[in-house]
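# Report on the structure
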Amino acid sequence: MIVWFNGAFGSGKTTLVEELRPQWPEALVYDPEMVGYVLREIVDVPTGDFQDLRLWRRQVADLAVGLVEEYRRPLLVPMTLVNPGYLGEIFGALKDADVVVHHFFLKVAPEVLVRRIDGRSHFPDDPAREERVRAWCKARIEACTAAVDTLPGDTVFLDGESAPRDLADQVLARVG
């Protein structure tokens with residue numbers, strides 16, 4: 001089983017997964033961004049977004065299936081995935097492999113997303129890089145918000161402004 005947490009950058013996907021870990025210790029955490037980081041070291045990403053690489057999408061699905069099949073443990077996946085074609089491609093491959101996917105989307109007001117993005121730090125020793133990352137995340141808020149209308153019908157929407165503990169309880173109740 002895969003529990004996919006989707007939403008804009010700053011919506012709380014990683015925070016929710018961190019909240020779930022102690023309550024669901026057998027679950028594995030799989031962050032598809034890591035696949036993107038590896039690919040960036042090997043090939044150029046002309047658009048700047050590794051999700052645009054067909055190989056990224058294929059590898060994300062293949063590794064997720066492999067982790068589920070090999071380890072027979074639930075997989076928690078915090079990853080923004082709002083391009084309908086890309087989501088369909090990845091989720092279709094998971095379905096073709098008979099992997100059950102529970103898809104959650106964290107809805108958060110744009111002004112809250114901006115505040116959260118501005119409040120986090122990934123590269124404290126490199127202010128210029130930090131600002132580029134923040135700008136990149138903020139530039140995608142509108143597309144992430146608009147994607148709500150294009151997500152699969154079985155997507156479960158969560159209030160990403162709720163306390164992480166409450167969200168974790170909702171997820172656990174839903175997935176059993």
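If you're wondering where the values come from, they're calculated on a predicted model, not measured in any experiment. (Residues numbered from 1 in each chain as written. Predicted model: local features only at pLDDT ≥ 70, side-chain atom pairs only at ≥ 80, totals over all residues. Heavy atoms only, no water.)

## Some points on the pairing of strand β5 (residues 156–159)
Defined as follows: Only protein chains enter the accessibility calculation, which uses a 1.4 Å probe; a residue is then buried when its area is under 20% of its type maximum, exposed when over 50%, and partly exposed in between. Working definition: helices are DSSP H or I runs of at least four residues, strands are E runs of at least two. Numbering for both runs from the N terminus. Should DSSP find at least two bridges between two strands, the strands are regarded as paired.
The side-chain alternation of β5 yields one buried face, formed by Val156 and Leu158, and one unburied face, formed by Phe157 and Asp159. Note that strand β4 (residues 101–107) and β5 share four bridges and pair parallel. By the bridge assignment, Leu106 is partnered in β5 with Leu158.

## Points about a nonpolar patch on the surface
Using the following cut-off: Patch membership needs two things, relative accessible area over 30% and no salt bridge, and members are linked within 9 Å if like-charged or within 5 Å if nonpolar (Val, Leu, Ile, Met, Phe, Trp, Tyr). Calculation of accessible area relied on Shrake-Rupley with a 1.4 Å probe; when residues are assessed, cover is drawn exclusively from the protein chains displayed. Whenever a carboxyl oxygen of Asp or Glu lies within 4 Å of a side-chain nitrogen of Lys or Arg, that contact is scored as a salt bridge.
On the surface, a cluster of nonpolar side chains totalling about 270 Å² of accessible area is made up of Val38, Ile42 and Val43. If you trace the backbone, Val38 turns up in helix α2 (residues 33–42).

## Focus: helix α5 (residues 110–119)
This is how it is decided: Within this analysis, the arc is defined by the directions that extend from the helix axis to the C-beta atoms. Note on contacts: a residue pair qualifies if any of its non-hydrogen atoms lie within 4.5 Å across the two residues.
For α5, the set of buried residues is Val112, Leu113 and Ile117. The arc enclosing the buried residues of α5, seen along the axis, measures out at 135 degrees, which places them on a common side. Exposed and facing more than 90 degrees away from the buried side of α5 are Glu111, Arg115 and Gly119. Packing partners of the buried residues in α5 comprise α6 (127–139) and α7 (141–146).

## Quick look at the packing of α5 against α6
Between two packed helices, both the angle of their axes relative to each other and the distance between the axes serve to describe the pair. To be explicit about the condition: Axis definition: a line fitted to C-alpha atoms, limited for helices to the stretch in contact. Angles are taken between N-to-C directions and run from 0 to 180 degrees. Geometric relationships in this document are graded by angle, where less than 35 degrees denotes roughly parallel, more than 145 denotes roughly antiparallel, 65 to 115 denotes roughly perpendicular, and other angles denote oblique. Less than a right angle of anticlockwise turn of the near helix away from the far helix marks a crossing as left-handed, whereas a clockwise turn marks it as right-handed. Here the nonpolar group is Ala, Val, Leu, Ile, Met, Phe, Trp, Tyr, Cys and Pro; Asp, Glu, Lys and Arg are the charged ones; every other residue, Gly included, is treated as polar.
At a minimum axis distance of 10 Å, the contact between α5 and α6 shows a crossing angle of 165 degrees. One element, α5, and the other, α6, form an angle in the roughly antiparallel class. Crossing of α5 over α6 shows right-handed handedness. Residues Val114, Ile117 and Asp118 of α5 lie in contact with α6, whose contacting residues are Arg134, Cys137 and Lys138. Across the contact of α5 with α6, the residue classes tally to three nonpolar, no polar and three charged.

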